[in-house]
Amino acid sequence: MQKVLCIAALATMMAGCETTAVHPDHAKQVPASDVYAFGKQNRSDDARIVFTQDSGALSCFGAGMSVYLDGTLAAETGHGESVKLYHSPGPAQLSIKNNAMCAGGGQVGLLLELKPGYSYQVRGYRDMWDKPSALLSNPPPFKYSK
C-alpha cells in the first residue's frame, strides 16, 4: 500500500508541473494595472502580439510570468491569462520569465519578425521542470482588423 501511495504522490507532483494550453479567446484578460508598456496601438500599421499563459495552478504554485518586449517589462500575466501588446513592424525580442520564487530557469524568448498590421499568437508555458518557454502558436500570423 505504501508503494502505491508513493507512486501516486510522485505522479501527481510530476503532472502538476506541466501546464495546459489556453486558447486566447477563452483566456482571462490581464488587468490594465498589470500592463506596463506596449499596451496601446501607436500607429495603424503596428503589429499585435497576443501572449497567453497556459493554465496550471500547481505549476510553480500558480505563479505568473513577466513578459518583456525588447528588454522592457511589458506585462505580468497569471495562469490562464492573455494580454495584447503592440509593436512597430520589424524585429522584436519577446522574452518571458517566471514570477515569484519559481525554480524553473531564467529569461527565455523569441525573436519575431513582425509584419505591418499582422497579429501573432504566442503561448507561454512551463515544462515538467517549471522552465518557462515561449512559442508561436495557432493560428499562424494573420492580418487583424483594428
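For the structure given in this document, a descriptive report is provided here. Note that the structure is a prediction, hence the values are computed from the model and not measured.

### Description of the overall build of the protein
Here's step 1: On a plain count of helices and strands, the protein comes out with one helix and ten strands.
Here's step 2: Reading the helices (α) and strands (β) of the protein from amino to carboxyl end gives α-β-β-β-β-β-β-β-β-β-β.
Here's step 3: Classification of the 146 residues of the protein by burial places 43% in the buried group.
Here's step 4: Residue pairs in contact within the protein that sit at least 24 positions apart in sequence constitute 72% of those at least 6 positions apart.

### Focus on the pattern of salt bridges
Here's step 1: Within this structure, the stated rule accounts for two salt bridges.
Here's step 2: When the shortest N-O distance is used, the salt bridge between Arg43 and Asp45 registers 3.1 Å.
Here's step 3: The exposure class of Arg43 is partly exposed, given its relative accessible area of 43%.
Here's step 4: You can call Asp45 partly exposed: its relative accessible area is 27%.
Here's step 5: Taking the shortest distance from any N to any O, the salt bridge between Arg123 and Asp54 comes out at 2.8 Å. Of the two residues, Arg123 is situated in strand β8 (residues 118-126) and Asp54 in the loop between β2 (47-53) and β3 (65-69); the sequence distance between them amounts to 69 residues.
Here's step 6: According to the relative accessible area criterion, Arg123 is partly exposed, its value standing at 24%.

### So, the packing of aromatic side chains
Describing an aromatic ring pair means giving the distance of the ring centres and the angle of the ring planes.
Here's step 1: Here the structure, examined in full by the defined rule, presents one aromatic pair.
Here's step 2: Above the face of the Tyr144 ring, Arg48 is positioned so that its terminal group lies 4.3 Å from the ring centre.
Here's step 3: Sitting over the ring of Tyr118, Lys115 keeps its end group 5.3 Å from the ring centre.

### Structural notes on the sheet that holds strand β6 (residues 90-98)
Here's step 1: Overall, antiparallel pairing links the four strands, which are arranged β4-β3-β6-β7 in an open sheet. Unpaired on one side and paired on the other, β4 (72-77) and β7 (108-114) mark the two borders of the sheet. Neighbour to neighbour, the strand axes of the sheet diverge by 25° on average, direction disregarded.
Here's step 2: Bridge analysis of β6 against β7 gives seven bridges, and the strand direction is antiparallel. By the bridge assignment, Leu94 is partnered in β7 with Leu110.

### Re the nonpolar core
Here's step 1: One finds Ile49, Phe51, Leu94, Ile96, Leu114 and Val122 to be the most contacted residues of the largest nonpolar core, which totals 21 residues.
Here's step 2: Those elements giving two or more residues to this core turn out to be β2, β3, β4, β5 (81-87), β6, β7 and β8.
Here's step 3: Take this core: its biggest share by element is four residues, from β7.
Here's step 4: The residues contacting Ile96, other than those within four sequence positions of it, are Phe51, Met65, Ser66, Val67, Gly106, Gln107, Val108, Gly124, Pro132, Ser133 and Ala134.

About the criteria used
Residues numbered from 1 in each chain as written. Predicted model: local features only at pLDDT ≥ 70, side-chain atom pairs only at ≥ 80, totals over all residues. Heavy atoms only, no water. Helix = DSSP H or I, 4+ residues; strand = E, 2+ residues; numbered from the N terminus. Buried < 20%, exposed > 50% of the residue type's maximum accessible area, 1.4 Å probe, protein only. Contact = heavy atoms within 4.5 Å. Salt bridge = Lys/Arg side-chain N within 4 Å of Asp/Glu carboxyl O. Phe/Tyr/Trp six-rings, centres within 6.5 Å; stacked < 30°, edge-to-face > 60°. Lys NZ or Arg CZ within 6 Å of the ring centre and 35° of its normal. Pairing = 2+ DSSP bridges. Axes fitted to C-alpha atoms, helices over the stretch in contact; angles between N-to-C directions. Core = buried A, V, L, I, M, F, W, Y, C linked by side-chain atoms within 4.5 Å.

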